[in-house]
Amino acid sequence: MSVTPNFGIPLPDVAAEVDEEFFRLITAWTLVDDVLKNLSDQISLRAPSVHTHSMGQITGLAAALAQKMDASTIFTLDSLDDVDGADAAALNYVLVKSATGWRPSSASAALGLHQHAMSDIVGLMTALGNDPNLAATLASEFENIETQWNDYVEGLIPSNNSGTPLLYVDISPGRCRFGGKYVVSGSILTKRLNTAWSAGNNGGFLDAGNIAATKTYHIWTLRNIATPATIDFIASLQNAHGAVTVPAGWEILPNSRIGSILTNGSAQIPAFKQYLNQLKFVANIAEFTISSAFSNAAYNPLGTPDGISVDAFFHMQSTAQANVSAVVDMDTEARSPTSGYGDLYVAGAPGGSTSIRVSTTIRLTSAGLCWVYTNFPSGNGTGTVTILCLGWDDYTVPRRKV
């Protein structure tokens, strides 16, 4: 008997009698009814193709969503596990990957020390004239420019040390440039004139020998070779920087004299005050007192520095008795005196003496000398001339007025 392939329901038999087929048909429909009933029962258990569920009907959904971040949550770079410091980084910083993660850095630090060939920079060679030896050319040009810079001094003014004024010198803070080399002193530097040179504050001052009486000590600028920012000073009898005895490891800046000081007959420093380049003695230094004719074309004043030209400040006093005249002349170099004329001329009045005082400035020669002339050209009485040195203007030191 033939049946359907899926549910095994009997199929009609063409060779069978009608009454046989009638019973087969009853069986077949009974089977169909069972199949349809079973199918209907199964369909009734299924949800419609279009339907909804509440979140509570989905097992575990609400709990899972409760563990998630809000949709409005905002993240920063520092929220990432391998990024640190991005929020606090300065403007224009970039993130750089390191062994410990991403960290902020300036672009220059991130690149580090590196070099580029000139050809790497578009148009540079053309702009620079395609000079294959540009580095040497620029070095030469910079050297030329550097040597053309004017020397100058700001501050660095000598004075007697307050604790040991007769032997120690204080040099005020300041800066200078000599021969294109620039140095700065940020504090007072005390140097001991009675001691051989040693570096630093309270160090020795002399380049050679021992402190001597009635000498001129010129103050020169030193720069440390290993650390060029380190400045110091050295005192020398030499009036040219090339003749100074320079300590090992140091260089003397060319023409770097910042001042000069004297010693008296006791090998001590006279008290002085210096204002920029003008040095004034606290007690004037007596040059001479004379009552007779005198002429010296190469007079070396006791109160001025040896070996350099300065504008010396002199005080002249002349006294003439009755009917006597007294003449005093001073100049840089000798000239023919004219009777009755001079830097100071005094004529004694009849019946009594006459005294006149006057101050003058005389420029000394490059050797520190000048011409002095005195005379008493008329009368039978006597007269006297006294000359004092008040100090000098060290005009060759290129000190700025600041």
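In what follows, the structure referred to is the one given above.
Draft legend 1. Looking closely at the overall build of the protein chain. Counting secondary structure elements, the protein chain contains five helices and 22 strands. Relative to the compact-globule value of 21 Å for 402 residues, the protein chain shows a C-alpha radius of gyration of 54 Å, a clear excess of over 25%. Viewed in the frame of its principal axes, the protein chain has a C-alpha envelope of about 195 × 55 × 40 Å. Expressed as a percentage of the 402 residues in the protein chain, the buried residues total 33%. A separation threshold of at least 6 residues defines the contact pool for the protein chain, and within that pool the share at least 24 residues apart is 60%. As displayed, the protein chain offers around 23,700 Å² of accessible surface, 56% of which is attributable to carbon and sulfur atoms. Here the protein chain holds 22 positive side-chain charges and 34 negative ones, and the gap between their average locations is 20 Å.

Draft legend 2. Highlighting empty space enclosed by the protein. In the structure shown here, the tally under the stated rule is one cavity of 30 Å³ or more. In this structure, the largest cavity is lined by Gly259, Ser260, Gln274, Asn277, Leu279, Trp392 and Asp394. Partitioning the lining of the largest cavity into residue classes produces two nonpolar, four polar and one charged.

Draft legend 3. Spotlight on the layout of surface pockets. Its volume calculated, the largest pocket comes out at about 220 Å³. For the largest pocket, the lining is made up of 14 residues, of which Thr214, Lys215, Thr263, Pro301 and Leu302 are closest to its centre. Quantified by volume, the second largest pocket comes out at close to 180 Å³. Around the second largest pocket, the lining comprises 13 residues; the ones closest to its centre are Trp220, Asn239, Asn255, Arg257 and Thr396.

Thresholds, definitions, all that
- Residues numbered from 1 in each chain as written.
- Predicted model: local features only at pLDDT ≥ 70, side-chain atom pairs only at ≥ 80, totals over all residues.
- Heavy atoms only, no water.
- Helix = DSSP H or I, 4+ residues; strand = E, 2+ residues; numbered from the N terminus.
- Rg over C-alpha atoms; globule rule 2.2 N^0.38 Å.
- Buried < 20%, exposed > 50% of the residue type's maximum accessible area, 1.4 Å probe, protein only.
- Contact = heavy atoms within 4.5 Å.
- Areas by Shrake-Rupley, 256 points an atom, 1.4 Å probe, with all protein chains shown as cover.
- Lys, Arg positive; Asp, Glu negative; His and termini not counted.
- Charge placed at Lys NZ, Arg CZ, Asp CG, Glu CD.
- 1 Å grid on protein atoms, 1.4 Å probe; cavity = no way out; pocket = protein on both sides within 12 Å on 5 of 7 lines; lining within 4 Å.
- Points joined across faces, edges and corners; volume = space filled by probe spheres on them.
- Nonpolar A, V, L, I, M, F, W, Y, C, P; charged D, E, K, R; others polar.

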